[in-house]
Amino acid sequence: MKEFRIQPIKNGTVIDHIDSGKALKVIKIMGIDENVTSVVSVIMHVPSSKKDFKDIVKVEDRELNPKELKKIALIAPNATINIIRDYEVAKKTKVKPPEKVSGIVRCANPNCITNARTSMETFEPVEPEFTVESTKPLRLRCVYCERELENPEEHLI
Amino acid sequence: MHMLKMKDRDVVSIGDFTVEEIEGIMDYASEMVPIAKGEKKSKVLDGKILSTLFFEPSTRTRLSFESAMLRLGGGVLGFAEPSATSAKKGETLADTIRMAEAYSDVIVLRHPREGAARLAAKFSSKPVINAGDGAGQHPTQTLLDLFTIKSEKGKIGGINVNLMGDLKYGRTVHSLAHALAMFGADLTFTAPKELQMPEHVVKNVKSLGVKPKIESSLEKSISAADVVYVTRIQKERFPDLAEYEKVAGAYRIDMDVLEKAKKDMIIMHPLPRVTEIAPEVDSTPHAKYFTQAFNGVPVRMALLSLVLEVRE
Ligand SMILES: Nc1ncnc2c1ncn2[C@@H]1O[C@H](COP(=O)(O)OP(=O)(O)OP(=O)(O)O)[C@@H](O)[C@H]1O
Ligand SMILES: [Mg+2]
Ligand SMILES: [Zn+2]
């Protein structure tokens, strides 16, 4: 039997310990789509020592910006970010659970003031903002309309 | 004399206030009653200006705020409906608020969207009072409801309050239930199954240590009540008129229903009422809904003087 291996990356980022099933959401957050130009490996549902199963995403020549990190922390609260330089793990950080969430998810309440548009199609000059009621499971409450946001990960901006 | 410090505080949501603060507001409101009735004169808000920004009409709330300001010697400017505003020309609420902030000392806002008052408070250094934001909060209504119970019954804790009618969509009853639970009132929710109190409100009330009774029969629940808080059941909630009429008939206060009530039970209603309270009830000692409407004035007087920090 032939053995297939994922090619190691020289420089880039490995997002490890993603909650099983969420890898595709991570890819989406990173804006990786059909226009991708570097090597991306998506590994789903692998047995994990820490939890039963996990997903892993490996991206060549790419690091994460703060906004992407905040979004990943929301949907994959156990993720570790490994920066790879010259084939080695140069830096490892765990994502931080957010205390306040602003500007990365939109309120699902269509009548919320943060979703209001004037007749000139402009929004109010505020970022949607949520308080974090719990991280596991993720429960967010809109600072403005005070409604709980059901399925926050479906409302990433 | 008043220890309560509320200078420049926004009044956005009843949840922003502690029981002690609400007690303080109510104490202050009871001192305002003679001025609200015109029996005593006051000039404490002389030279102060209130903006009333009503992006949605609400005669009662607006007039009682204006009355409160004028009774205390202040002035009022504003608009009563959005057709008169720059919102129609594409201005954001944030910009309208910055303008009102420049022209006045305190802002009262009614807006059709939830969260509008919280947003306004962010953009204004002058205090903002929420006079209703869509299906969201209406804290001055909650305060005047609490004040009415307190002044009629002497206390709120331990009082049996029966909220009835449309508990599902009724904006006022959700925050009222929360506030009553904070004070330790006994709660009964009387409504047809399809209009019962939403689960999140029931849970919230339980988390405050109150176990509400869920009832569908007014006949059954009315006898224990010290306060019956009536809300309107709207036709639009029902698929057909016959169904609506059946339900509306079962949740109506009339002389027959009152036979089962305590002698000193009081009836409250946020008004306007339509058919849910029979007109004959108005002349009974149970009827307190007009007193309740009046109470909006002293409560708003208390808030206006507290956030502007002027004391007798
Ligand atoms: N050059 C590389 N190319 C591709 N993936 C790599 C490379 N170096 C490390 N990884 C992957 O990055 C992740 C972290 O690597 P590390 O060697 O720190 O593993 P670990 O000790 O198991 O870490 P952890 O305790 O976070 O699970 C692993 O999933 C590993 O397979
Ligand atoms: Mg490992
Ligand atoms: Zn919202």
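Residues numbered from 1 in each chain as written. Chains lettered and ligands numbered in written order. Predicted model: local features only at pLDDT ≥ 70, side-chain atom pairs only at ≥ 80, totals over all residues. Heavy atoms only, no water.

Q: Go over the overall build of chain A, please, and point to the residues and values.
A: Of the regular secondary structure elements, chain A holds two helices and nine strands. Secondary structure of chain A in N-to-C order comes out as β-α-β-β-α-β-β-β-β-β-β. With the C-alpha coordinates aligned to their principal axes, the bounding extent of chain A is approximately 60 × 35 × 30 Å. Looking at chain A as a whole, 42% of its 157 residues are labelled buried. Residue pairs in contact within chain A that sit at least 24 positions apart in sequence constitute 59% of those at least 6 positions apart. Only carbon and sulfur atoms are counted for the fraction: they give 50% of the accessible area of chain A, which is about 9400 Å². (Helix = DSSP H or I, 4+ residues; strand = E, 2+ residues; numbered from the N terminus. Buried < 20%, exposed > 50% of the residue type's maximum accessible area, 1.4 Å probe, protein only. Contact = heavy atoms within 4.5 Å. Areas by Shrake-Rupley, 256 points an atom, 1.4 Å probe, with all protein chains shown as cover.)

Q: I'd like a description of the overall build of chain B, backed by residues and values.
A: Assigned secondary structure in chain B consists of 11 helices and nine strands. The C-alpha radius of gyration of chain B comes to 20 Å, within 12% of the 20 Å expected for a compact globule of 312 residues. Seen through its principal axes, chain B has C-alpha atoms that stretch 55 × 45 × 40 Å. Burial statistics for chain B: of 312 residues in total, 57% are counted as buried. Of the contacts formed within chain B by residues at least 6 apart in sequence, a portion of 73% connects residues at least 24 apart. Entry remark: accessible area of chain B is about 13000 Å², with carbon and sulfur atoms responsible for 52%. (Rg over C-alpha atoms; globule rule 2.2 N^0.38 Å.)

Q: How would you sum up the sheet that holds strand β5 (residues 88–94) of chain A? Please name residues and give values.
A: All names here are of chain A. The strand order β2-β3-β1-β4-β5 describes an open sheet built from five strands, whose pairing is antiparallel. Edge positions in the sheet fall to β2 (40–47) and β5, since each has one partner strand and no second. Sheet twist, expressed as the mean angle between neighbouring strand axes with direction ignored, is 20°. Across six bridges, the pairing between β2 and strand β3 (residues 53–60) is antiparallel. Counterpart to isoleucine 43 in the pairing with β3 is isoleucine 56. (Pairing = 2+ DSSP bridges. Axes fitted to C-alpha atoms, helices over the stretch in contact; angles between N-to-C directions.)

Q: Go over the coordination of the zinc ion (ligand 3), please, and point to the residues and values.
A: Residues and elements named next belong to chain A. Binding of the zinc ion (ligand 3) to the protein goes through Cys107 (SG), Cys112 (SG), Cys142 (SG) and Cys145 (SG), at separations of 2.3 to 2.4 Å. Relative to the metal, the four donor atoms surrounding the zinc ion (ligand 3) lie at angles of 101 to 116°, and the coordination shape comes out tetrahedral. Written as a sequence motif, the donor residues of the zinc ion (ligand 3) are C-x4-C-x29-C-x2-C. Taken as a pair, cysteine 107 in the loop between β6 (100–102) and β7 (129–134) and cysteine 145 in the loop between β8 (139–142) and β9 (148–149) lie far apart in primary sequence, 38 residues in all. Residue class for cysteine 107 comes out buried when judged on its relative accessible area of 8%. The exposure class assigned to cysteine 145 is buried, which follows from its relative accessible area of 8%. (Donors = N, O, S within 2.8 Å, 3.2 Å for Na, K, Ca; no water. Tetrahedral: all angles 85-135°; square planar, octahedral: opposite > 155°, others 65-115°.)

Q: Describe the domain arrangement of chain B, and please don't skip the residues or the numbers.
A: Residues and elements named next belong to chain B. In terms of domains, chain B is made up of domain 1 (14–137 + 294–307) and domain 2 (140–292). Here the C-alpha centroids of domain 1 and domain 2 sit 26 Å apart. Contact with domain 1, which involves 30 residues of that partner, is made by 23 residues of domain 2. Summing the contributions of domain 1 and of domain 2, the shared interface buries around 2000 Å²; its carbon and sulfur component is 65%. Contact with domain 2 buries area across many residues of domain 1, yet Ile14, Met26 and Asn295 alone supply 30% of it, more than any other trio. Our enumeration of links across domain 1 and domain 2 arrives at two salt bridges. Salt-bridge contacts for lysine 150 lead to aspartate 27; the nearest nitrogen and oxygen are separated by 4.0 Å. Mapped by element, the contributors of at least two residues to the side of domain 1 that touches domain 2 are α1 (19–36), α2 (59–71), β4 (128–133) and α11 (289–307). Here the element with the most residues in the side of domain 1 that touches domain 2 is α1; it accounts for nine residues. Residue classes in the side of domain 1 that touches domain 2 are distributed as 15 nonpolar, nine polar and six charged. (Domains from an automatic or database assignment. Buried area = accessible area lost by both parts, 1.4 Å probe. Salt bridge = Lys/Arg side-chain N within 4 Å of Asp/Glu carboxyl O. Nonpolar A, V, L, I, M, F, W, Y, C, P; charged D, E, K, R; others polar.)

Q: Which residues make up the pattern of salt bridges, and what values go with them?
A: One side chain can pair with another of opposite charge once the charged atoms of both are near each other. Residue and element names in this part refer to chain A. All chains considered together, the criterion is met by 27 salt bridges over all chains. With its nearest N and O atoms 3.6 Å apart, the salt bridge here joins lysine 100 to glutamate 129. Here the residue lysine 100 occupies a position in strand β6, and glutamate 129 occupies one in strand β7, the gap between them amounting to 29 residues. When the shortest N-O distance is used, the salt bridge between glutamate 133 and arginine 139 registers 3.8 Å. With relative accessibility at 40%, the residue glutamate 133 sits in the partly exposed group.

Q: Describe helix α9 (residues 241–250) of chain B, and please don't skip the residues or the numbers.
A: Residues and elements named next belong to chain B. Of the residues making up α9, those classed as buried are Tyr244, Val247 and Ala248. Buried residues in α9, looked at end-on, bunch into an arc of 100°, giving them a common side. Exposed side of α9, more than 90 degrees from the buried face: Ala242 and Lys246 are the residues found there. Where α9 starts, the residue carrying a side-chain oxygen 3.2 Å from the main-chain nitrogen of alanine 242 turns out to be aspartate 240. (Arc of directions from axis to C-beta. Polar contact = N/O pair within 3.5 Å; in protein donor to acceptor, adjacent residues only side chain to side chain.)

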